[in-house]
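# Remarks on the overall topology
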Amino acid sequence: MIKTQKMDERIVEILKGLIEKNGPEYIKTHPFESYKALMESSYVDRQTAGGVLLCILNGVIEDILPDTSEKELAGIISQECAFSATMATRLSSLFLTLYSSENLAIWSRNERKGVRDFLSHNVEFSWEGFSTWEVQNIYVECHFDASFVLKPSSLTAEDKGLCMLTDKNPFITCDEIKCYFEESMQEYLNGEFDWYCTAEEYYEPTPQDFECESYLSEWCKKHGFEIVYYEGKGYDDGIQSI
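### Some words on helix H6 (residues 85-98)
When the terminal C-alpha atoms of H6 are compared, their 20 Å separation across 14 residues agrees well with the 20 Å that a helix rising 1.5 Å per residue should span. All of the buried residues in H6 are Met87, Ala88, Arg90, Leu91, Ser92, Leu94, Phe95, Leu96 and Leu98.

Rendered as structure tokens:
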């Protein structure tokens, strides 16, 4: 009995962790990944993990309402999954613990919390640009280093890519949002810097003249940021032979 209780507590802990990391719909939309996570725990046996998986696949979670009793849910599980009364009652208790009113309230409060946190303060970014200009048997390696502080606005929350991420996972963290914008910004600046350095085939580029702040400003307009602080410089390693 004690072993079974500890196993069920561990199952709830694992499933709760998956939900809080990946969003409230995760175990419904990723049943086999959830099953795999259970099987990776030494506390959970294959039979119980399989029982949880079958409940998820058969839509038992959709039948859990705020006033659903353990007896009612056990009856649904018995009907949908053909488990014994003992196993159905056990799984019913497990799912009702996972989807308790307390957990549901916490998850509701945490939806888009990462977005709210991200919008609440300025964000520091840095960028290191690199490109190579080549012609015949010579080349020049070009560099640009920049650091800046950006202020997000309400328009940032409307960014198309961010909205797609939050639709997929409302619990996305502030750090994950920063990584998304940082990757977007770096990809944009990398492309502009590479084009600037390689656009003229027979004229050596001057990285120090690359208008990084201007390009950054264009990116900020698109994604709802304002530049609070900017510092950057370009340089090259001189002409070298291939």
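### Some details on the nonpolar core
Of all hydrophobic cores here, the largest spans 35 residues; its most connected members are Leu15, Ile27, Val52, Phe95 and Tyr99. For this core, the elements supplying multiple residues, two or more each, are helix H1 (2-22), helix H2 (26-29), helix H3 (31-39), helix H4 (46-57), helix H5 (70-81) and H6. With near-sequence residues (within four places) excluded, phenylalanine 95 lies in contact with Val52, Cys55, Ile56, Ile61, Ile64 and Leu73. Counting 30 residues, the second-largest nonpolar core is a separate cluster that includes Trp133, Cys142, Ala157 and Phe181.

### Notes on the packing of H4 against H6
Running from amino to carboxyl end, H4 crosses H6 at an angle of 70°, the nearest separation of the two axes being 11 Å. When the axes of H4 and H6 are compared, the pair comes out roughly perpendicular. Residues Gln47, Thr48, Gly51, Val52, Cys55 and Ile56 of H4 touch H6, and the partners they reach there are Met87, Arg90, Leu91, Leu94 and Phe95. Here the contact of H4 with H6 is composed, by residue class, of seven nonpolar, three polar and one charged.

### Digging into the confidence of the model for the protein
Overall, the prediction assigns the protein a mean pLDDT of 92, with 99% of residues at 70 or greater. Averaged pLDDT values for the elements of the protein fall to 89 in H1 and rise to 97 in helix H11 (residues 212-223).

### Overview of the pairing of strand S2 (residues 138-152)
In this structure, strand S1 (residues 123-135) lies alongside S2, joined through 13 bridges in antiparallel fashion. Across the sheet, the residue bridging to valine 135 is isoleucine 138, located in S2. With antiparallel pairing between neighbouring strands as the criterion, S1 and S2 make up a hairpin whose turn holds two residues, including glutamine 136 at a positive phi of roughly 50°.

### Considerations on the packing of helix H10 (residues 174-198) against H11
Two numbers describe how H10 lies on H11: the axes approach to 10 Å, and their chain directions differ by 140°. Judged by the inter-axis angle, H10 sits oblique to H11. The way H10 lies across H11 gives a crossing that is right-handed. On the side of H10, the interface is formed by Phe181, Ser184, Met185, Tyr188, Leu189 and Glu192, while H11 contributes Cys212, Tyr215, Leu216, Glu218, Trp219 and His223. Looking at the contact of H10 with H11 residue by residue, the class counts come to eight nonpolar, two polar and two charged.

### Overview of the packing of aromatic side chains
Counted under the stated rule, the structure contains 17 aromatic pairs. Measuring from ring centre to ring centre gives 5.6 Å for phenylalanine 118 and phenylalanine 181, while their planes differ by 20°; the resulting arrangement is stacked. Of this pair, phenylalanine 118 sits in helix H8 (residues 113-119) while phenylalanine 181 sits in helix H10, placing them 63 residues apart in sequence. Judged by relative accessible area, which is 2%, phenylalanine 118 ranks as buried. Residue classification places phenylalanine 181 among the buried residues on the basis of a relative accessible area of 0%. The rings of Trp127, Phe144, Phe193, Tyr196, Phe210 and Tyr215 are connected pair by pair, giving a single aromatic cluster.

### Focus on unusual backbone geometry
Peptide bonds are mostly trans, and most non-glycine residues show a negative phi. Look at arginine 112: it is not a glycine, yet its phi comes out positive at around 65°. The backbone of glutamine 136 sits at a positive phi, close to 50°, despite the residue not being glycine. Looking at the secondary structure, you find glutamine 136 in the loop between S1 and S2.

### Focus on the pattern of salt bridges
As enumerated under the stated definition, the model contains seven salt bridges in all. Glutamate 62 is the partner of lysine 28 in a salt bridge, and the nearest nitrogen-oxygen pair spans 3.9 Å. Of the two residues, lysine 28 is situated in helix H2 and glutamate 62 in the loop between H4 and H5; the sequence distance between them amounts to 34 residues. Residue class for lysine 28 comes out partly exposed when judged on its relative accessible area of 26%. With relative accessibility at 51%, the residue glutamate 62 sits in the exposed group. A salt bridge links aspartate 117 to lysine 113; its shortest N-O distance comes to 2.9 Å. In this pair, aspartate 117 and lysine 113 both sit in helix H8, four residues apart, roughly one turn of the helix. On the accessibility criterion, lysine 113 (37% relative accessible area) is partly exposed. Residues joined in a network through salt bridges with shared partners are Glu25, Lys28 and Glu62.

Rules and cut-offs
- Residues numbered from 1 in each chain as written.
- Predicted model: local features only at pLDDT ≥ 70, side-chain atom pairs only at ≥ 80, totals over all residues.
- Heavy atoms only, no water.
- Helix = DSSP H or I, 4+ residues; strand = E, 2+ residues; numbered from the N terminus.
- Expected span 1.5 Å × (residues − 1).
- Buried < 20%, exposed > 50% of the residue type's maximum accessible area, 1.4 Å probe, protein only.
- Core = buried A, V, L, I, M, F, W, Y, C linked by side-chain atoms within 4.5 Å.
- Contact = heavy atoms within 4.5 Å.
- Axes fitted to C-alpha atoms, helices over the stretch in contact; angles between N-to-C directions.
- Parallel < 35°, antiparallel > 145°, perpendicular 65-115°, else oblique.
- Nonpolar A, V, L, I, M, F, W, Y, C, P; charged D, E, K, R; others polar.
- pLDDT = per-residue confidence, 0-100.
- Pairing = 2+ DSSP bridges.
- Left-handed = near helix turned anticlockwise from the far one by under 90°.
- Phe/Tyr/Trp six-rings, centres within 6.5 Å; stacked < 30°, edge-to-face > 60°.
- Salt bridge = Lys/Arg side-chain N within 4 Å of Asp/Glu carboxyl O.

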